[in-house]
Amino acid sequence: MRVAAVWADEVDREGRFPAESVAALRSAGLFGAAVPTDLGGDGLSLTRLAAITRALGRSCGSSAMIFAMHQTQVLSVVRHGRSASMRALLAAIAEHQLLLTSATTEIDVRGGVRSSGCAVEHRGDRVRLAKTAPVIAYGGYADVVLVTARRTPAGAPNDQVLLACPRSEMRLTPVGTWHTIGFRGTRSPGFRLAVDTGSGALLDDPYAEVSAQTMLPASHVLWSAACLGIADAALLRARQSVQTARRRSAGPAPLSSIRLAELVIAHQQLVDTVFGAAARFESLAKNPAAMSTVGVALEFNAVKASASTLLIDLVGRALTICGLTGSLPGHEPAMSRHLRDAYGTAVMISNDRILNHDSQLALMRLGH
């Protein structure tokens, strides 16, 4: 976490991959944190992973998001990859600290993750796939990319599979640039990808199950934990600002003290949202039928939408408490990076797209 803090401002300013913090995570063995212990990992729960993501978020939002997205993919393999090939991949993640990402969106389907235009082509014991993704988080730096596609060229768009594709058997061509409002260090432009790999790259379960039972809920909890870390940093800066103001004045407590008390209450809402959702996931994790219900999907969608909305409010309040110095780069308590990352949580992982999907799910639920 200390390494991430040292380089966070430079990573944000230059829009570069946080190589130093990723190297520190790798050195600490944290990329294998979710891998089962019998395969060489730590077998950590989602609650523990959320706590680590939160700690990273206090230092560097981009590093926290990379960790969150990696662990979401690892959990997807853990929970839906039962084959010998998948177990070997998990062992390799733990041993070699491989970095995972995903390519679940596609240019031709306008960003939707539950529909694919591209399809897997089977050639004996090999599979081939070509896809253009509008965004692949840290795609130029990942060792394995989990890619969605139609099961066969004749399959329906929503009959999807998930492939764990090693970088050595994939050609990635960047499409576009990456100049974003927040999370600049995630370096997530679009890519054209071409894969030719063994059929063992296919996860055992359909993507519909992977998404409903693991990828969606885990990602929303861990993304929200990254939000919480950013909120922690904002709260700390606001508290320090109020403490400084009180030391400088012998009179009554400044009005900013009241604003700080309000901020603490709002911050606690975010804490409860994140860790309540992590506990909820763990209580349902061994019940696939329960995890796949419309109600549960709505619950976890609400976690991410709520967390990102709360974060924008929290950082805005903290910035108001800190005043002008909070908006000056290079000065304590500078918060421009935190503010841009806060808005990034609602825009880059679109709340509108989640809410649009929720509106359809809510109608389905009413119909039952």
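Up top is the structure these notes are about.
Residues numbered from 1 in each chain as written. Predicted model: local features only at pLDDT ≥ 70, side-chain atom pairs only at ≥ 80, totals over all residues. Heavy atoms only, no water.

*Asks:* Would you mind going over the overall build of the protein in detail, with residue names and values included?
*Replies:* What the protein contains, in helices and strands, is 11 helices and 7 strands. Taking all 368 residues of the protein together, 53% fall into the buried category. Taking contacts inside the protein between residues at least 6 apart in sequence as the whole, the part at least 24 apart equals 74%. A total accessible area of about 15,800 Å² is found for the protein, and carbon and sulfur atoms account for 56% of it. Side-chain charges of the protein comprise 37 positive and 29 negative groups, with the mean position of each set lying 4 Å from the other. (Helix = DSSP H or I, 4+ residues; strand = E, 2+ residues; numbered from the N terminus. Buried < 20%, exposed > 50% of the residue type's maximum accessible area, 1.4 Å probe, protein only. Contact = heavy atoms within 4.5 Å. Areas by Shrake-Rupley, 256 points an atom, 1.4 Å probe, with all protein chains shown as cover. Lys, Arg positive; Asp, Glu negative; His and termini not counted. Charge placed at Lys NZ, Arg CZ, Asp CG, Glu CD.)

*Asks:* Kindly report on empty space enclosed by the protein, identifying the contributing residues and their values.
*Replies:* According to the stated counting rule, one finds 1 cavity of 30 Å³ or more in the structure shown. The calculated volume of the largest cavity comes to roughly 40 Å³. Taken together, Ala8, Val11, Asp12, Cys60, Gly61, Ser62, Phe183, Arg184, Gly185, Arg337 and Asp341 form the lining of the largest cavity. Contributions of two or more residues to the lining of the largest cavity are made by α1 (2–14), α4 (61–80) and α10 (336–347). At 3 residues, α1 tops the list of elements feeding residues into the lining of the largest cavity. Of the residues that constitute the lining of the largest cavity, the class distribution is 4 nonpolar, 3 polar and 4 charged. (1 Å grid on protein atoms, 1.4 Å probe; cavity = no way out; pocket = protein on both sides within 12 Å on 5 of 7 lines; lining within 4 Å. Points joined across faces, edges and corners; volume = space filled by probe spheres on them. Nonpolar A, V, L, I, M, F, W, Y, C, P; charged D, E, K, R; others polar.)

*Asks:* Lay out the sheet that holds strand β5 (residues 160–166) with the relevant residues and their values.
*Replies:* Strand pairs in the sheet, formed through backbone hydrogen bonds, run parallel or antiparallel to each other. Spatially, β1-β4-β5 is the arrangement adopted by the 3 strands of the open sheet, whose pairing is mixed. Single-partner strands in this sheet number two, and they are β1 (100–103) and β5. In this sheet, neighbouring strand axes are inclined to one another by 25 degrees on average, regardless of whether the strands run parallel or antiparallel. Two elements, strand β4 (residues 144–150) and β5, share 7 bridges in a ladder whose sense is antiparallel. Residue pairing for β5: Val147 is matched across the bridge by Leu163. Where helix α6 (residues 207–248) meets the sheet, its contacts fall on β4 and β5, and the angle it forms with β5 comes to roughly 75 degrees. (Pairing = 2+ DSSP bridges. Axes fitted to C-alpha atoms, helices over the stretch in contact; angles between N-to-C directions.)

*Asks:* Now, about the side chain of Thr345: what can you tell me, with residues and values included?
*Replies:* Locating Thr345 in the fold gives a position in helix α10. With residues near it in sequence (within four places) discarded, Thr345 still touches Met65, Phe183, Cys227, Lys304, Ser308, Leu311 and Asn351.

*Asks:* Describe the environment of Leu203, and please don't skip the residues or the numbers.
*Replies:* Tracing the chain through its elements places Leu203 in the loop between β7 (190–198) and α6. Assessed through its relative accessible area of 6%, Leu203 is described here as buried. Spatially, the C-alpha atom of Leu203 lies 40 Å from that of Leu314, the residues being 111 residues apart in sequence. Among residues more than four places away in sequence, those in contact with Leu203 are Ser76, Val77, His80, Met86, Leu162 and Ala164.

*Asks:* Which residues make up the pairing of β1, and what are the values?
*Replies:* The two faces of β1 match: Leu100 and Ser102 on one face and Thr101 and Ala103 on the other face are all buried. Strand direction decides the pairing type here: β1 and β4, joined by 4 bridges, are parallel. When the bridges of β4 are listed, Thr101 appears paired with Val145.

*Asks:* Describe the pattern of salt bridges, naming the residues involved and giving the relevant values.
*Replies:* This model, assessed by the stated rule, comprises 17 salt bridges. Salt-bridge contacts for Glu121 lead to Arg123; the nearest nitrogen and oxygen are separated by 3.0 Å. What makes Glu121 partly exposed here is its relative accessible area of 34%. Notably, a salt bridge pairs Glu299 with Arg280, separated by 2.9 Å at the nearest N-O pair. Within this pair, whereas Glu299 is found in helix α9 (residues 294–322), its partner Arg280 is found in helix α7 (residues 256–284), the two being separated by 19 residues in sequence. Taken together, the salt bridges that share partners define one network made up of Glu10, Glu14, Arg16 and Glu20. (Salt bridge = Lys/Arg side-chain N within 4 Å of Asp/Glu carboxyl O.)

*Asks:* Describe the nonpolar core, listing the residues and the values that go with them.
*Replies:* A general tendency of soluble globular proteins is for nonpolar side chains to be buried together. Of all hydrophobic cores here, the largest spans 91 residues; its most connected members are Leu49, Leu89, Ile93, Leu100, Tyr138, Leu263 and Leu270. The leading source of residues in this core is α6, at 17 residues. Residues within four places of Leu49 in sequence aside, it is in contact with Ala33, Ala34, Leu44, Phe67, Gln71, Leu75 and Leu222. The next biggest cluster of nonpolar side chains, apart from the first, holds 19 residues, and it includes Val127, Ala133, Ile136 and Met170. (Core = buried A, V, L, I, M, F, W, Y, C linked by side-chain atoms within 4.5 Å.)

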